[in-house]
Amino acid sequence: MNELLSLVADPAAWAALVTLVVMEVVLGIDNLVFISILSNRLPAEHRQKVRRIGISLALIMRLALLSTIAFIVGLTAPVFDLGIAGPLGAHGEPSFETAFSWRDLILIAGGVFLIWKATKEIHHNVDPAHEDTPTEPSKTGAVISNVGSAIFQIILLDLVFSIDSILTAVGMTDHLPIMIAAVIIAVVAMLLASDPLADFINKNPTVVMLALGFLLMIGTVLIAEGFGAHVSKGYIYTAMAFSAGVEGLNMLARKRKGG
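Enquirer: I'd like to hear about the pattern of salt bridges, residue by residue, with values.
Expert: Summed over the entire model, instances satisfying the criterion amount to 3 salt bridges. Put simply, Asp195 and Arg51 hold a salt bridge, and the shortest N to O gap is 2.9 Å. Taken together, the residues span a long stretch of sequence, with Asp195 in helix 7 (residues 176–203) and Arg51 in helix 3 (residues 44–66) at a distance of 144 residues. For Asp195, a relative accessible area of 13% puts it in the buried group. Note that Arg254 is salt-bridged to Glu247, the shortest N-O span being 3.2 Å. Of the residues examined, Glu247 reaches a relative accessible area of 12% and is grouped as buried. The network of salt bridges with common partners includes Arg51, Arg52 and Asp195.

Spelled out as structure tokens, the structure:
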């Protein structure tokens with residue numbers, strides 16, 4: 001209790017909380033875009049429920065991982081090394097390496113899954129004629145199957161993004177209460193933003209393709225991170241913001257012409 005009171009009275013703790021919340025929200029955007037695209041493929045009456053389940057699972061997973069911080073930090077220890085490394089960069093670190101930890105393997109698997117899923121969704125949007133249409137008697141079973149499949153895929157990506165999120169939190173502060181508060185605030189923000197974002201993506205087909213392009217890029221970055229090639233998140237989110245800005249101008253231009 002005394003520790004909590006001292007943290008509340010410490011300006012540095014508040015600064016750490018605000019910084020960590022911003023970082024967690026930014027990292028959560030990737031997860032939220034994936035959940036939005038996946039839920040929009042379901043019948044309208046199931047979309048909100050699946051989004052709520054997905055984001056709730058993200059919160060539960062993050063809090064569960066926070067309770068095992070020592071184990072999570074241990075995931076960064078190398079498990080095996082292939083002995084291959086890239087040329088040294090400006091800071092004396094190799095451009096890539098093959099000393100894989102469990103975190104690296106999880107990031108690589110998550111990146112591959114994300115690229116596969118985004119590619120499949122892009123193919124569906126480009127050539128929807130190949131999408132299987134269930135017959136009338138099997139519609140209920142197909143919906144149940146699709147909802148279950150969507151939740152399962154969300155769980156897989158929640159795990160990847162949760163581990164990345166918690167490791168970021170561990171790297172920014174040593175105080176567990178600050179980490180827990182930041183994670184809860186960030187997930188609540190995701191919950192509030194999930195429906196408007198999903199509706200916006202659903203109503204703007206070109207935004208869907210842009211979001212899928214973001215997922216491809218994020219999947220590639222996850223794989224690169226798994227191989228020890230550190231890509232600055234600033235570059236990634238700047239590119240995403242720039243692309244979103246250009247798409248916003250395109251949408252405004254189409255609206256003006258249509259009006």
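After presenting the structure, the write-up continues.
Enquirer: Please set out the side chain of Asn40 residue by residue, giving values where relevant.
Expert: Turning to its location among the elements, Asn40 is positioned in the loop between helix 2 (11–39) and helix 3. Among residues more than four places away in sequence, those in contact with Asn40 are Arg47, Arg51, Ala198, Ile201 and Asn202.

Enquirer: Tell me about the packing of helix 3 against helix 7, and name the residues and values.
Expert: Between helix 3 and helix 7, the shortest axis-to-axis distance is 10 Å and the interhelical angle comes to 165°. Here helix 7 runs roughly antiparallel to helix 3, going by the angle between their axes. In the crossing of helix 3 with helix 7, the sense of the turn from one axis to the other is right-handed. In the contact of helix 3 with helix 7, the residues fall into 13 nonpolar, 3 polar and 6 charged.

Enquirer: Quick one: what's the story with the nonpolar core, residue by residue and with numbers?
Expert: Membership of the largest hydrophobic core comes to 47 residues, with the highest contact counts inside it found for Phe34, Val50, Leu114, Leu215 and Leu222. Among the secondary structure elements, those contributing two or more residues to this core are helix 2, helix 3, helix 5 (102–126), helix 6 (139–172), helix 7 and helix 8 (205–226). Looking at this core element by element, the count peaks at 11 residues for helix 6. Those residues in contact with Leu215 that lie beyond four places of it in its chain are Asp30, Val33, Phe34, Ile37, Leu114 and Ala118. Phe214, Val221, Ile236 and Met240 belong to the second largest nonpolar core, which has 5 residues in total.

Enquirer: Any details on a nonpolar patch on the surface? Residues and values, ideally.
Expert: Taken together, the side chains of Leu63, Leu176, Ile180, Ile184, Val188 and Leu192 make up a nonpolar region of the molecular surface, amounting to roughly 470 Å² of accessible area. With respect to the secondary-structure elements, Val188 resides in helix 7. The class for Val188 is partly exposed, based on a relative accessible area of 42%.

Rules behind the numbers
- Residues numbered from 1 in each chain as written.
- Predicted model: local features only at pLDDT ≥ 70, side-chain atom pairs only at ≥ 80, totals over all residues.
- Heavy atoms only, no water.
- Salt bridge = Lys/Arg side-chain N within 4 Å of Asp/Glu carboxyl O.
- Helix = DSSP H or I, 4+ residues; strand = E, 2+ residues; numbered from the N terminus.
- Buried < 20%, exposed > 50% of the residue type's maximum accessible area, 1.4 Å probe, protein only.
- Contact = heavy atoms within 4.5 Å.
- Axes fitted to C-alpha atoms, helices over the stretch in contact; angles between N-to-C directions.
- Parallel < 35°, antiparallel > 145°, perpendicular 65-115°, else oblique.
- Left-handed = near helix turned anticlockwise from the far one by under 90°.
- Nonpolar A, V, L, I, M, F, W, Y, C, P; charged D, E, K, R; others polar.
- Core = buried A, V, L, I, M, F, W, Y, C linked by side-chain atoms within 4.5 Å.
- Patch = residues over 30% accessible without salt bridge, like charges linked within 9 Å, V, L, I, M, F, W, Y side chains within 5 Å.
- Areas by Shrake-Rupley, 256 points an atom, 1.4 Å probe, with all protein chains shown as cover.

By themselves, these observations are geometric and do not establish any function.
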